[in-house]
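Overview (structure and organization)
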Amino acid sequence: MSIRLPAPDGSLRTYEPRAEPLALTPGAPFTSRTVLSAAHVVADPYADTTPDSPAAVDWDATLAFRRHLWSHGLGVAEAMDTAQRGMGLDWAGAAELIRRSAAEAKAVGGRIACGVGTDQLASGTLAEVRAAYEEQLALVEESGVQAILMASRALAAAARGPEDYLEVYGHLLRQAAEPVILHWLGPMFDPALEGYWGSSDLDAATDTFLGVIAAHPDKVDGIKVSLLDAQREIDLRRRLPQGVRCYTGDDFHYPELIAGDDQGFSHALLGIFDPLGPLAAEAVRVLDTGNTNGFRALLDPTVELSRHLFQAPTRFYKTGVVFLAWLAGHQSHFTMVGGLQSARSLPHFAHAYELADTLGLFPDPKLAEERMRTLLHLYGVTP
């Protein structure tokens, strides 16, 4: 069987799907790296809603996907950018997601860390930003899970310079019950975060970021860096205090950053590990044996797919992530909160399907092919 897929120039090309998926099964827990997948949410396709309405979430399917990730040994980074925080999922929805996922993690023994932000606010004073962070931190800690202090649009708008970041983050770290993960999300993921840490000069911003950590090293488990700049991440992790981990959020360079060098390595907190979950887990288990070449042989071929999903505008990568979850059979439909399924083109979807199929990511390649054909038909493409 073959399928005709649209190219960016409007032509149709023939692709022959693979017959069998990769044989990937759950295995032993990881020993050499901590790996978290930032997981997507599944929309309720029957809800009578609009892109501007509060998100309607299919909780059963959303939690089932987290159990899928946990079954392969991955941790879940909950209520993060991949879950459409600020792009369809408001704070009320995120709070419910945190409560439900935290309870599910306890029930099945899965690792989880949850995003803490300020998305109750469109804008506000520094005091209001601090209070919004405190509200969310309290909920995450009451749920008994680790907190990830996310970058804040409201703080980026209210801060006058580096000293305001030092004050706000210092206040939060002093009152955090347990060590947190600090998250630096670059403007390619969210343009409203331009100039975070008080400067658009990344060297100056890095110094401020490290200043926050140096003042409270006992309250920082690690940092999650999403700047899509591998050398900057390497330089940053080499400057971290002893015991503070670097979790790569670089969806372009993750194989080499996780593999590391003779001076260290990155752990992982990645959106691309949502669709790559079982394959990523297999690669990390190979790395656990000391086989770096085998790890790279498994993970390097996935970078082309990741770069495709995260191409500019990078913030719309969630659309490709959910699309692949639908093709893989993790959900019954391709509908997203906020109507974000419309954020990518048909040629983009077609190439994502081809790349994922080539990697063997679909547990049932025939189902994925049938669903791809359904999408093509809806777009008016005839066999």
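Relevant structure appears above.
None of these values were measured; they are calculated from a predicted model.

On to unusual backbone geometry, then. A negative phi angle characterises most non-glycine residues, just as the trans form characterises most peptide bonds. Residues A312 and P313 are joined by a peptide bond in cis, for which omega reads -5°. Relative to the elements of secondary structure, P313 occurs in the loop between α11 (303-309) and α12 (317-327). Positioned with a positive phi, A79 is a non-glycine residue whose angle comes to about 55°. On the secondary structure map, A79 appears in the loop between β4 (75-78) and α2 (91-108). According to the relative accessible area criterion, A79 is buried, its value standing at 0%. Despite not being glycine, W197 shows a phi value in the positive range, around 70°.

Between its first and last C-alpha, helix α5 (residues 162-175) extends 20 Å over 14 residues, near the 20 Å set by a 1.5 Å rise per residue. Along α5, the residues classified as buried are D164, Y165, V168, Y169, G170, L172 and L173.

This paragraph deals with the sheet that holds strand β6 (residues 146-149). Note on sheets: strands pair through backbone hydrogen bonds, and any given pair is parallel or antiparallel. What the eight strands build is a closed barrel, ordered β3-β4-β5-β6-β7-β8-β9-β10; its pairing is parallel. On average, each strand axis in the sheet is inclined to that of its neighbour by 25°, with strand direction left out of account. Pairing of strand β5 (residues 112-116) with β6, which is carried by four bridges, proceeds in the parallel orientation. Paired with A113 across the strands is Q146, a residue of β6. Strand contacts of helix α3 (residues 126-142): β5 and β6, with the helix running at about 165° to β5, the strand carrying the most contacts.

What counts, and at which threshold
Residues numbered from 1 in each chain as written. Predicted model: local features only at pLDDT ≥ 70, side-chain atom pairs only at ≥ 80, totals over all residues. Heavy atoms only, no water. Helix = DSSP H or I, 4+ residues; strand = E, 2+ residues; numbered from the N terminus. Buried < 20%, exposed > 50% of the residue type's maximum accessible area, 1.4 Å probe, protein only. Expected span 1.5 Å × (residues − 1). Pairing = 2+ DSSP bridges. Axes fitted to C-alpha atoms, helices over the stretch in contact; angles between N-to-C directions. Contact = heavy atoms within 4.5 Å.

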